[in-house]
Amino acid sequence: MRSVRMLTSAALMGAALLGGAGPALADSPSPSPSASKSGAAPTEAGTAFRTAVAVGQGQQATASGSTGDYLYWTFPADAGQRPTVTAKVTLPDAATRHGSATWRIDVYDGLRRRQPCMYGTQSRAAAQDAAAVELSCTLRPTVAWADTWSNDPLPGSYYIRLTAVSLPETDRGLPFKAEVVPTVLDTGGAHAVDGKLATPLGAKSAVEPDGGWASGWWTDRWVWTAAGGLLAALAGVGGYSLTRGRGRPSHVPRGM
(Lines give C-alpha, C1' and ligand atoms only; values in the text may rest on other atoms or scores of the structure.)
Protein backbone atom coordinates (compact mmCIF):
# COMPACT_ATOMS: atom_id res chain seq x y z
CA MET A 1 0.00 0.00 0.00
CA ARG A 2 2.88 2.35 0.78
CA SER A 3 4.28 1.86 -2.73
CA VAL A 4 0.90 2.49 -4.31
CA ARG A 5 0.53 5.71 -2.32
CA MET A 6 4.01 6.86 -3.44
CA LEU A 7 3.26 6.19 -7.11
CA THR A 8 -0.11 7.95 -6.83
CA SER A 9 1.52 10.99 -5.25
CA ALA A 10 4.18 11.05 -7.95
CA ALA A 11 1.56 10.92 -10.69
CA LEU A 12 -0.43 13.74 -9.11
CA MET A 13 2.66 15.93 -8.69
CA GLY A 14 3.73 15.30 -12.27
CA ALA A 15 0.29 16.11 -13.61
CA ALA A 16 0.24 19.38 -11.65
CA LEU A 17 3.67 20.41 -12.92
CA LEU A 18 3.03 19.52 -16.51
CA GLY A 19 -0.47 20.98 -16.43
CA GLY A 20 0.91 24.33 -15.24
CA ALA A 21 3.74 24.44 -17.75
CA GLY A 22 2.09 22.88 -20.79
CA PRO A 23 0.13 25.82 -22.21
CA ALA A 24 3.25 27.98 -22.31
CA LEU A 25 4.68 25.83 -25.10
CA ALA A 26 1.88 26.85 -27.42
CA ASP A 27 1.52 30.35 -28.76
CA SER A 28 -0.38 32.45 -26.25
CA PRO A 29 -3.71 33.71 -27.60
CA SER A 30 -3.31 37.01 -25.74
CA PRO A 31 -0.87 39.83 -26.55
CA SER A 32 1.83 40.55 -24.00
CA PRO A 33 1.38 43.64 -21.83
CA SER A 34 2.06 46.99 -23.39
CA ALA A 35 5.58 48.32 -22.98
CA SER A 36 4.74 51.97 -22.54
CA LYS A 37 0.99 52.51 -22.33
CA SER A 38 1.60 55.05 -19.59
CA GLY A 39 3.18 57.40 -22.13
CA ALA A 40 1.36 59.48 -24.68
CA ALA A 41 0.69 57.75 -28.00
CA PRO A 42 2.86 59.11 -30.84
CA THR A 43 1.09 61.46 -33.26
CA GLU A 44 3.83 61.69 -35.88
CA ALA A 45 6.25 59.47 -37.79
CA GLY A 46 9.83 59.70 -38.95
CA THR A 47 10.89 59.97 -42.57
CA ALA A 48 13.88 57.59 -42.36
CA PHE A 49 15.27 54.81 -40.18
CA ARG A 50 17.31 57.27 -38.11
CA THR A 51 14.29 59.47 -37.38
CA ALA A 52 11.78 56.66 -36.76
CA VAL A 53 9.36 57.51 -33.94
CA ALA A 54 9.29 55.04 -31.04
CA VAL A 55 6.01 53.31 -30.17
CA GLY A 56 5.38 50.78 -27.41
CA GLN A 57 3.98 47.28 -27.79
CA GLY A 58 0.21 47.46 -28.08
CA GLN A 59 0.28 51.24 -28.49
CA GLN A 60 -1.42 52.98 -31.40
CA ALA A 61 0.63 55.53 -33.31
CA THR A 62 -0.98 58.03 -35.64
CA ALA A 63 0.51 60.37 -38.21
CA SER A 64 -0.38 62.54 -41.17
CA GLY A 65 1.61 62.53 -44.37
CA SER A 66 1.67 63.25 -48.07
CA THR A 67 1.01 60.41 -50.49
CA GLY A 68 4.34 59.13 -51.74
CA ASP A 69 6.19 59.86 -48.49
CA TYR A 70 7.81 57.15 -46.37
CA LEU A 71 6.66 56.97 -42.74
CA TYR A 72 8.80 55.18 -40.12
CA TRP A 73 8.16 53.94 -36.57
CA THR A 74 10.20 51.71 -34.29
CA PHE A 75 9.08 49.28 -31.55
CA PRO A 76 10.77 46.63 -29.35
CA ALA A 77 10.46 42.85 -29.60
CA ASP A 78 12.20 40.51 -27.17
CA ALA A 79 13.29 36.89 -27.43
CA GLY A 80 10.34 34.50 -27.67
CA GLN A 81 7.91 37.12 -28.96
CA ARG A 82 6.13 37.07 -32.31
CA PRO A 83 5.51 40.63 -33.59
CA THR A 84 2.45 41.63 -35.60
CA VAL A 85 2.05 45.07 -37.17
CA THR A 86 -1.33 46.35 -38.31
CA ALA A 87 -1.87 49.59 -40.21
CA LYS A 88 -4.87 51.55 -41.42
CA VAL A 89 -4.51 54.29 -44.04
CA THR A 90 -7.31 56.84 -44.37
CA LEU A 91 -7.06 57.88 -48.00
CA PRO A 92 -7.46 61.33 -49.53
CA ASP A 93 -10.92 62.32 -50.71
CA ALA A 94 -11.91 60.22 -53.72
CA ALA A 95 -12.77 63.34 -55.74
CA THR A 96 -9.13 64.45 -55.59
CA ARG A 97 -7.64 61.12 -56.71
CA HIS A 98 -7.09 59.98 -60.29
CA GLY A 99 -6.80 56.22 -59.95
CA SER A 100 -6.04 53.29 -57.67
CA ALA A 101 -2.97 53.15 -55.44
CA THR A 102 -1.09 50.27 -53.80
CA TRP A 103 -0.04 50.66 -50.17
CA ARG A 104 2.53 48.54 -48.37
CA ILE A 105 4.09 48.06 -44.93
CA ASP A 106 7.54 46.55 -44.40
CA VAL A 107 9.13 45.53 -41.11
CA TYR A 108 12.90 45.60 -40.56
CA ASP A 109 14.98 44.33 -37.66
CA GLY A 110 17.68 46.22 -35.76
CA LEU A 111 20.19 45.47 -38.54
CA ARG A 112 17.72 46.97 -41.03
CA ARG A 113 17.14 43.62 -42.69
CA ARG A 114 13.63 43.34 -44.08
CA GLN A 115 11.84 40.51 -42.32
CA PRO A 116 9.36 38.39 -44.30
CA CYS A 117 5.75 38.18 -43.15
CA MET A 118 4.53 34.75 -42.06
CA TYR A 119 1.00 35.83 -42.90
CA GLY A 120 -1.09 38.94 -43.26
CA THR A 121 -1.88 41.40 -46.05
CA GLN A 122 1.37 43.29 -46.41
CA SER A 123 0.40 45.05 -49.63
CA ARG A 124 -3.04 46.03 -50.87
CA ALA A 125 -4.44 48.02 -53.78
CA ALA A 126 -7.03 50.68 -52.97
CA ALA A 127 -9.55 51.62 -55.64
CA GLN A 128 -10.04 55.26 -56.52
CA ASP A 129 -13.29 55.43 -54.54
CA ALA A 130 -11.96 53.56 -51.47
CA ALA A 131 -12.02 55.46 -48.19
CA ALA A 132 -9.36 53.44 -46.37
CA VAL A 133 -7.02 50.49 -46.72
CA GLU A 134 -5.91 48.08 -43.95
CA LEU A 135 -2.63 46.16 -43.87
CA SER A 136 -0.99 43.64 -41.54
CA CYS A 137 2.25 41.71 -41.21
CA THR A 138 3.06 38.93 -38.73
CA LEU A 139 6.74 38.06 -38.42
CA ARG A 140 8.42 34.85 -37.38
CA PRO A 141 9.02 34.42 -33.62
CA THR A 142 12.06 36.30 -32.36
CA VAL A 143 14.94 34.07 -31.21
CA ALA A 144 17.55 34.93 -28.58
CA TRP A 145 20.53 34.08 -30.80
CA ALA A 146 21.23 33.09 -34.42
CA ASP A 147 24.17 32.48 -36.75
CA THR A 148 25.59 35.57 -38.43
CA TRP A 149 24.67 34.29 -41.89
CA SER A 150 21.01 33.68 -41.05
CA ASN A 151 18.14 36.12 -41.40
CA ASP A 152 16.40 34.98 -38.22
CA PRO A 153 14.67 37.80 -36.30
CA LEU A 154 16.65 38.77 -33.20
CA PRO A 155 15.62 40.70 -30.07
CA GLY A 156 15.86 44.46 -30.28
CA SER A 157 14.30 47.36 -32.11
CA TYR A 158 12.12 46.77 -35.17
CA TYR A 159 11.24 49.35 -37.80
CA ILE A 160 7.92 49.83 -39.58
CA ARG A 161 7.84 51.53 -42.96
CA LEU A 162 4.57 52.57 -44.58
CA THR A 163 4.23 54.05 -48.07
CA ALA A 164 2.31 53.99 -51.33
CA VAL A 165 4.37 51.96 -53.80
CA SER A 166 2.18 52.51 -56.87
CA LEU A 167 -0.06 55.49 -57.63
CA PRO A 168 -0.75 58.04 -60.36
CA GLU A 169 1.87 60.77 -60.51
CA THR A 170 -0.86 63.40 -60.20
CA ASP A 171 -1.86 61.94 -56.80
CA ARG A 172 1.54 62.42 -55.21
CA GLY A 173 1.45 64.89 -52.36
CA LEU A 174 -2.21 64.36 -51.46
CA PRO A 175 -2.69 64.25 -47.66
CA PHE A 176 -3.50 60.99 -45.85
CA LYS A 177 -3.70 59.75 -42.25
CA ALA A 178 -2.18 56.56 -40.88
CA GLU A 179 -2.73 54.44 -37.76
CA VAL A 180 -0.17 51.79 -36.82
CA VAL A 181 -0.25 49.28 -33.92
CA PRO A 182 2.61 46.84 -33.16
CA THR A 183 1.68 43.92 -30.87
CA VAL A 184 3.51 40.77 -29.78
CA LEU A 185 2.54 37.25 -28.74
CA ASP A 186 4.68 35.30 -26.27
CA THR A 187 5.57 31.94 -27.82
CA GLY A 188 7.26 30.44 -24.75
CA GLY A 189 9.89 27.72 -25.01
CA ALA A 190 8.58 26.36 -28.31
CA HIS A 191 11.05 28.60 -30.15
CA ALA A 192 13.80 28.82 -27.52
CA VAL A 193 17.40 28.38 -28.65
CA ASP A 194 20.73 28.05 -26.88
CA GLY A 195 22.79 31.22 -26.55
CA LYS A 196 21.87 34.88 -26.44
CA LEU A 197 23.02 38.23 -27.74
CA ALA A 198 25.28 40.32 -25.53
CA THR A 199 22.99 43.30 -26.19
CA PRO A 200 19.65 43.41 -28.05
CA LEU A 201 19.91 45.12 -31.43
CA GLY A 202 19.26 48.81 -30.99
CA ALA A 203 18.60 48.35 -27.25
CA LYS A 204 19.07 52.09 -26.69
CA SER A 205 15.69 52.68 -28.31
CA ALA A 206 13.31 55.05 -26.51
CA VAL A 207 11.03 52.13 -25.55
CA GLU A 208 11.63 48.57 -24.35
CA PRO A 209 9.48 45.60 -23.32
CA ASP A 210 7.88 45.46 -19.87
CA GLY A 211 10.45 44.37 -17.31
CA GLY A 212 13.36 45.25 -19.59
CA TRP A 213 15.19 43.02 -22.05
CA ALA A 214 15.12 39.34 -21.15
CA SER A 215 17.26 38.29 -24.16
CA GLY A 216 16.56 34.61 -23.66
CA TRP A 217 17.72 34.15 -20.05
CA TRP A 218 14.44 32.40 -19.18
CA THR A 219 12.40 29.81 -21.05
CA ASP A 220 9.65 27.47 -19.88
CA ARG A 221 11.85 24.60 -21.01
CA TRP A 222 13.43 24.98 -17.54
CA VAL A 223 10.06 23.98 -16.05
CA TRP A 224 9.78 20.95 -18.30
CA THR A 225 13.34 19.88 -17.45
CA ALA A 226 12.75 20.20 -13.71
CA ALA A 227 9.42 18.38 -13.94
CA GLY A 228 10.96 15.55 -15.96
CA GLY A 229 13.81 15.15 -13.46
CA LEU A 230 11.41 15.06 -10.51
CA LEU A 231 9.16 12.47 -12.18
CA ALA A 232 12.17 10.31 -13.05
CA ALA A 233 13.36 10.41 -9.42
CA LEU A 234 9.93 9.54 -8.06
CA ALA A 235 9.52 6.74 -10.58
CA GLY A 236 12.88 5.31 -9.49
CA VAL A 237 11.88 5.37 -5.82
CA GLY A 238 8.53 3.77 -6.61
CA GLY A 239 10.10 1.06 -8.76
CA TYR A 240 12.63 0.23 -6.08
CA SER A 241 9.86 -0.03 -3.47
CA LEU A 242 7.89 -2.43 -5.69
CA THR A 243 10.81 -4.74 -6.54
CA ARG A 244 12.85 -4.92 -3.33
CA GLY A 245 10.39 -7.28 -1.57
CA ARG A 246 9.67 -7.39 2.17
CA GLY A 247 12.80 -9.17 3.34
CA ARG A 248 12.94 -12.55 5.18
CA PRO A 249 9.52 -13.86 6.26
CA SER A 250 9.13 -13.95 10.06
CA HIS A 251 8.55 -17.71 10.12
CA VAL A 252 11.86 -18.51 8.42
CA PRO A 253 14.69 -19.15 10.94
CA ARG A 254 17.81 -17.03 10.72
CA GLY A 255 20.58 -18.51 8.65
CA MET A 256 18.22 -20.27 6.27
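In case you missed it, the structure is sitting above this.
Position numbers for residues start from 1 in each chain and track the written sequence from start to end. With pLDDT at 70 or above as the cut-off, local features in this predicted model cover only qualifying residues; side-chain atom pairs require 80 or more to be listed or tallied, and sums for whole chains, interfaces and linings still use all residues. With hydrogens and water excluded, all non-hydrogen atoms of the structure serve as input to the side-chain values.

J.: Looking at this structure, how should I read the state of the cysteines?
T.: In a disulfide, the sulfur atoms of two cysteines are covalently bonded to one another. Cysteine sulfur pairs qualify as disulfides if the two atoms are within 2.5 Å. Going through the model one piece at a time under the given rule, you end up with one disulfide. With its sulfur 1.9 Å from that of its partner, Cys117 forms a disulfide with Cys137. Linking Cys117 and Cys137, the disulfide has an S-S dihedral of approximately -105° and is accordingly described as left-handed. Highlighted residues: Cys117 in the loop between strand S5 (101-108) and strand S6 (123-126) and Cys137 in strand S7 (residues 132-138), separated in sequence by 20 residues. Secondary structure counts use DSSP, requiring at least four H or I residues in a row for a helix and at least two E residues in a row for a strand, with both numbered from the N terminus.

J.: Sorry if this is basic, but what is going on with the packing of aromatic side chains here?
T.: The geometry of an aromatic ring pair comes down to the distance between the two centres and the angle between the two planes. Between 30 and 60 degrees the pair is tilted, below 30 it is stacked and above 60 it is edge-to-face, where a pair is any two Phe, Tyr or Trp rings, Trp via its six-membered ring, whose centres lie within 6.5 Å. Under the definition given, this model contains five aromatic pairs. Between the aromatic rings of Trp103 and Phe176, the centroid separation amounts to 4.8 Å while the plane-to-plane angle is 65°, which identifies the pairing as edge-to-face. On the criterion of sequence distance, the pair formed by Trp103 in strand S5 and Phe176 in strand S9 (residues 175-186) is long-range, its members being 73 residues apart. Grouping residues by exposure puts Trp103 and Phe176 together as buried. An aromatic cluster of three or more residues is present, and its members are Phe49, Tyr72, Tyr108 and Tyr159. Think of it in three bands: with a 1.4 Å probe and only protein chains considered, a residue is buried below 20% of the maximum accessible area for its type, exposed above 50%, and partly exposed in between.

J.: Looking at this model, I keep getting lost on the sheet that holds S7. Mind explaining?
T.: Backbone-to-backbone hydrogen bonds join strands into a sheet, with any given pair of strands oriented parallel or antiparallel. At least two DSSP bridges between two strands are needed for those strands to be called paired. Pairing is antiparallel in the open sheet, where four strands are placed in the order S2-S9-S4-S7. A strand with exactly one partner marks an edge of an open sheet, and here the two such strands are strand S2 (61-66) and S7. Across the sheet, the mean angle separating the axes of adjacent strands is 20° when strand polarity is ignored. Sheet topology note: the strand S4 (residues 81-90)/S9 ladder contains ten bridges and is antiparallel. Residue pairing for S9: Thr84 is matched across the bridge by Thr183. Between N-to-C directions, angles span 0 to 180 degrees; the directions come from axes that are lines fitted to C-alpha atoms, helices contributing only their stretch in contact.

J.: It is not clear to me how the pairing of S2 should be interpreted in this structure. Could you clarify?
T.: Residues Ala61, Ala63 and Gly65 point to one face of S2 and are all buried, whereas Thr62, Ser64 and Ser66, pointing to the other face, are not buried. Sheet analysis places S2 next to S9, joined by six bridges and oriented antiparallel. Across the sheet, residue Gly65 finds its bridge partner in S9, namely Phe176.

J.: Would you take a moment to explain the pairing of S5 for this structure?
T.: A regular strand places its side chains on the two faces of the sheet in alternate fashion. By the criterion of burial, S5 is predominantly enclosed, with seven of the eight residues buried. As defined by bridge partners, S5 adjoins strand S8 (residues 156-166) across seven bridges and the pair is classed as antiparallel. The residue bridging Asp106 from the neighbouring strand is Arg161, located in S8.

J.: Can you walk me through the sheet that holds S6 in this structure?
T.: Taken in spatial order, the five strands line up as S1-S3-S8-S5-S6 in an open sheet, and their pairing is mixed. Either end of the sheet is taken by a strand with one partner, and the two such strands are strand S1 (53-54) and S6. In this structure, S1 lies alongside strand S3 (residues 71-77), joined through two bridges in parallel fashion. What sits directly across from Ala54, in S3, is Thr74.

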